[in-house]
Amino acid sequence: MTERRDPDALIRRAGRGNPDFDQHFLVDDRVLDRIPTYAESFDRSHVLEIGAGPGALTDRLLAVAERVTVVERDPDFASFLREEFADAVADGALTVVEGDALEVALPDYTCSVSNLPYSASSEIAFRLLPESKPAVLMFQREFAERMAASVDDDAYGRLSVTAQHYADIEVVETVPKEAFDPQPRVASALVRVTPRDPAYEVEDEAFFLDFVKALFTQRRKNVRNAIRNTAHISHLGDPEAVVEAVDEDLLRKRPGNLAPETFAELAALAAAHGEPM
Ligand SMILES: C[S@@+](CC[C@H](N)C(=O)[O-])C[C@H]1O[C@@H](n2cnc3c(N)ncnc32)[C@H](O)[C@@H]1O
């Protein structure tokens, strides 16, 4: 492999990151070199990178992808990237989009590989997940673990059910804060996102996601009370009719102990009996 750009030298040329703008740049070469390998099984012909900063990851993505599109909100880093990677821009391998990843139109990419800005990582993840494209994404470690958690894990919750509605989610590597400059306060983790249909049928996706959100606001109550107490969030006109339609054993469980497919069963009963508004 050709020598990749030194991340510290890129930061010296581009300017240091400002933590107030979510700018924690990866400086550990081994982590940077490994990230594209987690996307080896994906179609890497057009990679989308959200938040490129001084471009250390961009450099590694250009080595394996036919095309890379980066979205960078900071105008100084966007113009630095255009200069630093002028050859790749000129031959069409790199497109630099200056703007907010929550607002710009996304290109027709094949997979996303990104070290996300943490304050917007949840919103960006839930912009990418419904696109049904594979991804390798860096999050705060705790967030990554909640995304990937199974029903028996302590970290299991609304985030696990909603993220796994769209894809298989696995934590492929935890990354210590020392791998960044400036260092964040907490550790990070890389998550691999492999889109697939859920193992259950959902007729009305928006209602299902609202219903899951509603029940998890009462994760330690039993399902009976959680359904009764959250009709304003799940928009149910008749929550009592749902309680009557649900099996007694299930009503005694807690939302935090229900597998995604059980949420789907409950949501179907709620949609059929609860007069969703
Ligand atoms: C955690 S840094 C990652 C930088 C680089 N990819 C790396 O790994 O070193 C996140 C980057 O996202 C940019 N950013 C922050 N909010 C953004 C947003 N809403 N849309 C696009 N980029 C954003 C920041 O300016 C920063 O360059």
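Predicted, not measured: the structure shown is a model, and the values here were computed from it. (Residues numbered from 1 in each chain as written. Predicted model: local features only at pLDDT ≥ 70, side-chain atom pairs only at ≥ 80, totals over all residues.)

Engineer: Explanation requested: the nonpolar core in the structure shown.
Structural biologist: When a protein is soluble and globular, its nonpolar side chains tend to lie buried together. Counting residues in each nonpolar core, the largest one holds 62 residues, and the members touching the most others are Leu 26, Val 47, Val 113, Leu 137, Phe 139, Met 147 and Val 191. Broken down by element, the residue count for this core peaks at five residues, all from strand β6 (residues 135–140). Not counting chain neighbours up to four residues away, the residues in contact with Val 113 comprise Ile 35, Pro 36, Ala 39, Val 47, Glu 49, Leu 61, Ala 135 and Val 136. (Core = buried A, V, L, I, M, F, W, Y, C linked by C-beta atoms within 7 Å. Buried ≥ 20, exposed ≤ 12 C-beta atoms within 10 Å, placed from the backbone. Helix = DSSP H or I, 4+ residues; strand = E, 2+ residues; numbered from the N terminus. Contact = placed C-beta atoms within 7 Å.)

Engineer: Quick question: what am I supposed to make of the UniProt feature "binding site: S-adenosyl-L-methionine" (unreviewed entry) in the protein here?
Structural biologist: In this structure's numbering, the residues bearing the UniProt feature "binding site: S-adenosyl-L-methionine" (unreviewed entry) are His 24, Leu 26, Gly 51, Glu 72, Asp 100 and Asn 115. Within the secondary structure layout, Gly 51 lies in the loop between β2 (46–50) and α3 (56–62). Since 24 C-beta atoms lie within 10 Å of it, Gly 51 is described here as buried. If near-sequence neighbours (up to four positions away) are discounted, Gly 51 is found in contact with Glu 72, Ala 101, Ser 114, Asn 115, Leu 116 and Pro 117. Within the fold, Asn 115 resides in strand β5 (residues 111–115). Since 27 C-beta atoms lie within 10 Å of it, Asn 115 is described here as buried. Apart from residues lying up to four places away in sequence, Asn 115 is in contact with Leu 26, Gly 51, Leu 57 and Met 138. (UniProt positions renumbered as here; feature names shortened; annotations may be inferred.)

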